[in-house]
Amino acid sequence: MNLRRKITYEIRKSLFRLVNKDFLIFLFFLALSAVFWLLMTLNETYEKEIRIPVSIVNVPDNVVLISPSTDTVKVTVRDKGLVLLGYEYKDVLRPLRINFKSYIRGAESASITAAELQRFIYQQLSASTKIVSVKPDKSEFFFNYGMCKRVPVRWRGRVVPEQLYFISHVEYHPDSVDVYAAEEKLDSIEVVYTDALNYENFRDTLSITCGLQKIRGAKCIPDKITIDFHTDVLTEATMNVPVTGINLPEGKVLRTFPSKVTVNFVTGISRLKKLRPTDFKVIADYEEIKRHPSDKCTILLKGIPHDVSRAKLEVGSVDYLIEAE
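Reading the values: rules and limits
- Residues numbered from 1 in each chain as written.
- Predicted model: local features only at pLDDT ≥ 70, side-chain atom pairs only at ≥ 80, totals over all residues.
- Heavy atoms only, no water.
- Helix = DSSP H or I, 4+ residues; strand = E, 2+ residues; numbered from the N terminus.
- Buried < 20%, exposed > 50% of the residue type's maximum accessible area, 1.4 Å probe, protein only.
- Polar contact = N/O pair within 3.5 Å; in protein donor to acceptor, adjacent residues only side chain to side chain.
- Pairing = 2+ DSSP bridges.
- pLDDT = per-residue confidence, 0-100.
- Axes fitted to C-alpha atoms, helices over the stretch in contact; angles between N-to-C directions.
- Arc of directions from axis to C-beta.
- Phe/Tyr/Trp six-rings, centres within 6.5 Å; stacked < 30°, edge-to-face > 60°.
- Lys NZ or Arg CZ within 6 Å of the ring centre and 35° of its normal.
- Core = buried A, V, L, I, M, F, W, Y, C linked by side-chain atoms within 4.5 Å.
- Contact = heavy atoms within 4.5 Å.
- Salt bridge = Lys/Arg side-chain N within 4 Å of Asp/Glu carboxyl O.

Peer 1: Mind showing me how you'd approach the side chain of serine 168 here?
Peer 2: Tracing the backbone shows serine 168 in strand S10 (residues 165–173). A relative accessible area of 10% places serine 168 in the buried class. Engagement of the side chain of serine 168 in a polar contact is seen with the side chain of histidine 169, the distance being 3.4 Å.

Peer 1: Please clarify how the sheet that holds strand S11 (residues 176–181) should be interpreted in this entry.
Peer 2: Backbone-to-backbone hydrogen bonds pair the strands of a sheet. The strands run either parallel or antiparallel. The mixed open sheet is built from 4 strands, whose spatial order is S12-S8-S11-S15. With partners counted over all chains shown, the strands left at the sheet margins are strand S12 (192–193) and strand S15 (218–221), one partner each. In this sheet, S12 lies alongside strand S8 (residues 148–154) in parallel orientation, the contact comprising 2 bridges. Looking at S12, one finds that arginine 154 is bridged to tyrosine 193.

Peer 1: Just checking my understanding: could you explain the confidence of the model for the protein chain for this structure?
Peer 2: Close reading of the predicted structure is inappropriate where its pLDDT is low. Mean pLDDT for the protein chain: 82, with 83% of residues reaching 70 or above. By mean pLDDT, helix H1 (residues 2–42) is the weakest element of the protein chain at 59, and S12 is the strongest at 96.

Peer 1: When you look at the sheet that holds strand S17 (residues 252–257) in this model, what are you seeing that I'm missing?
Peer 2: Here 3 strands make up an open sheet; going across it, the order is S17-S23-S20 and the pairing antiparallel. This sheet does not close on itself; its edge strands, each paired only once, are S17 and strand S20 (296–298). Adjacent strand axes in the sheet meet at a mean angle of 50° when their direction is disregarded. Where S20 and strand S23 (residues 317–324) come together, 3 bridges link them in antiparallel fashion. Its bridge partner lying in S23, lysine 296 is registered against aspartate 319.

Peer 1: I keep staring at helix H3 (residues 114–122) and nothing clicks. Help me out?
Peer 2: Side chains three or four residues apart in an α-helix point the same way, a direct result of the helix having 3.6 residues per turn. Taken together, the buried positions of H3 are occupied by Ala114, Glu116, Leu117, Phe120 and Ile121. All buried residues of H3 lie within an arc of 160° about the axis, which places them on one face of the element.

Peer 1: Whenever I open this one, the pairing of S8 confuses me. Can you help?
Peer 2: Looking along a regular strand, one sees side chains alternate from face to face of the sheet. One ladder, built from 5 bridges, connects S8 with S11; its direction is antiparallel. Residue pairing across strands places arginine 150 opposite aspartate 178, the latter belonging to S11.

Peer 1: Please explain the pairing of strand S18 (residues 260–268) as it appears in this structure.
Peer 2: Most of S18 is tucked away: 7 of the 9 residues are buried. Of the strand pairs in this sheet, strand S16 (residues 224–246) and S18 are connected by 9 bridges, and their pairing is antiparallel. Looking at S18, one finds that threonine 238 is bridged to asparagine 264. Across 4 bridges, S18 lies against strand S22 (residues 308–313) in antiparallel orientation. Within S22, the residue paired with asparagine 264 across the bridge is lysine 312.

Peer 1: When you look at unusual backbone geometry in this model, what are you seeing that I'm missing?
Peer 2: Where the residue is not glycine, phi is negative for most of them; where a peptide bond is considered, it is trans in most cases. The omega angle of the peptide bond from histidine 173 to proline 174 is -5°, so this bond is cis rather than trans. Mapped onto the elements of the fold, proline 174 is located in the loop between S10 and S11. Across the junction of phenylalanine 257 and proline 258, the peptide omega takes the value 5°, indicating a cis bond. One can find proline 258 in the loop between S17 and S18.

Peer 1: What am I meant to see in the packing of aromatic side chains here?
Peer 2: For the structure shown, the criterion picks out 2 aromatic pairs. Ring geometry for tryptophan 155 and phenylalanine 229: centres 5.1 Å apart, planes at 85°, overall edge-to-face. Of the two residues, tryptophan 155 is situated in the loop between S8 and strand S9 (157–160) and phenylalanine 229 in strand S16; the sequence distance between them amounts to 74 residues. The buried category is assigned to phenylalanine 229, whose relative accessible area is 0%. With a centroid separation of 5.1 Å and 40° between ring planes, the pair formed by phenylalanine 265 and phenylalanine 280 is classed as tilted. Here phenylalanine 265 is found in strand S18, whereas its partner phenylalanine 280 is found in the loop between helix H5 (269–272) and strand S19 (281–285), with 15 residues between them in sequence. Of the two residues, phenylalanine 265 and phenylalanine 280, neither departs from the other in class, the shared state being buried. Across from the ring centre of phenylalanine 120, 4.9 Å away, lies the NZ or CZ of arginine 119, which sits over that ring.

Peer 1: What's the story with the nonpolar core in this structure? I'm lost.
Peer 2: Soluble globular proteins tend to pack their nonpolar side chains together in the buried interior. One finds Ile52, Val75, Leu96, Ile98 and Phe141 to be the most contacted residues of the largest nonpolar core, which totals 27 residues. Among the secondary structure elements, those contributing two or more residues to this core are strand S1 (45–57), strand S3 (70–80), helix H2 (81–89), strand S4 (96–99), strand S5 (109–113), H3, strand S6 (130–135) and strand S7 (138–144). Every residue in contact with isoleucine 52, bar those within four places of it in the chain, is listed here: Asp71, Thr72, Val73, Val75, Leu93, Arg94, Pro95, Leu96 and Ile121.

Peer 1: Is there a simple way to explain the pattern of salt bridges in this structure?
Peer 2: According to the stated counting rule, one finds 7 salt bridges in the structure shown. The residue lysine 149 makes a salt bridge to glutamate 190 at a minimum N-O spacing of 3.5 Å. Here lysine 149 is found in strand S8, whereas its partner glutamate 190 is found in the loop between helix H4 (183–188) and S12, with 41 residues between them in sequence. Arginine 203 serves as the salt-bridge partner of glutamate 162, at 2.8 Å between the closest nitrogen and oxygen.

Here it is, written out as structure tokens:
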């Protein structure tokens, strides 16, 4: 019995040694072929797009850079795969540092052409590498010497609360920003808009932090603001408002019958609690009465408070009497 076990053990041992030997040989040649394939592949010529940051340095203290101080150029290069691999995984390409004073060519702007960028980039590339293209074809930056203007901010886009709700008022934090630009540019900027907003189906106050729309040749500080959209529940309401005569001759007074008329409108519940008849203005114009004499005078709704919509008079004319004071 022991002899049989010994023979079985020796046979298994021999088979295992044979299999391991063949498997190791297979792995060796597989790895060797992979290395040869990789070397052949990396020896081929390829094109690759790489991104290189461009920084403006040595900016004087009295200068405000309107454009971002760091931009990025996309450079398409051609070379052997092994060289391109080095650009990707080794710290070979450093950011381009452009001296501010070397490129001031206009009053408040400067540009670096693609040819100039290529010259800087070639200094970091291998001798065998060729630049195929540079995008954009030039790098521009704008600056000024501290000239700015305080400009209000307004939101743009689509902000719609749930049905039966409306935006009662909007708060901006801050409500204005400083815009730095050339004098001619500043004269044309009266308001700065946010990036397009898109929010809907909300009922509570919506608070959003958003960026400001980019203006070429201008810089906003701060470049982000917070907007609070306050909501309220819509309700229909009425209010009796006195009729006021206008353009009356001295010593004359206009009396209407009735003296107050009903104004129908839609507003929010919380806003309704604060409204007073004096917040509206209903007028009867003496000049209009003279031009169109009649038993009744036309009345107009001229003053409507904010956060009130669909305001209209219940009647369009009333009886009147003009008498001396």
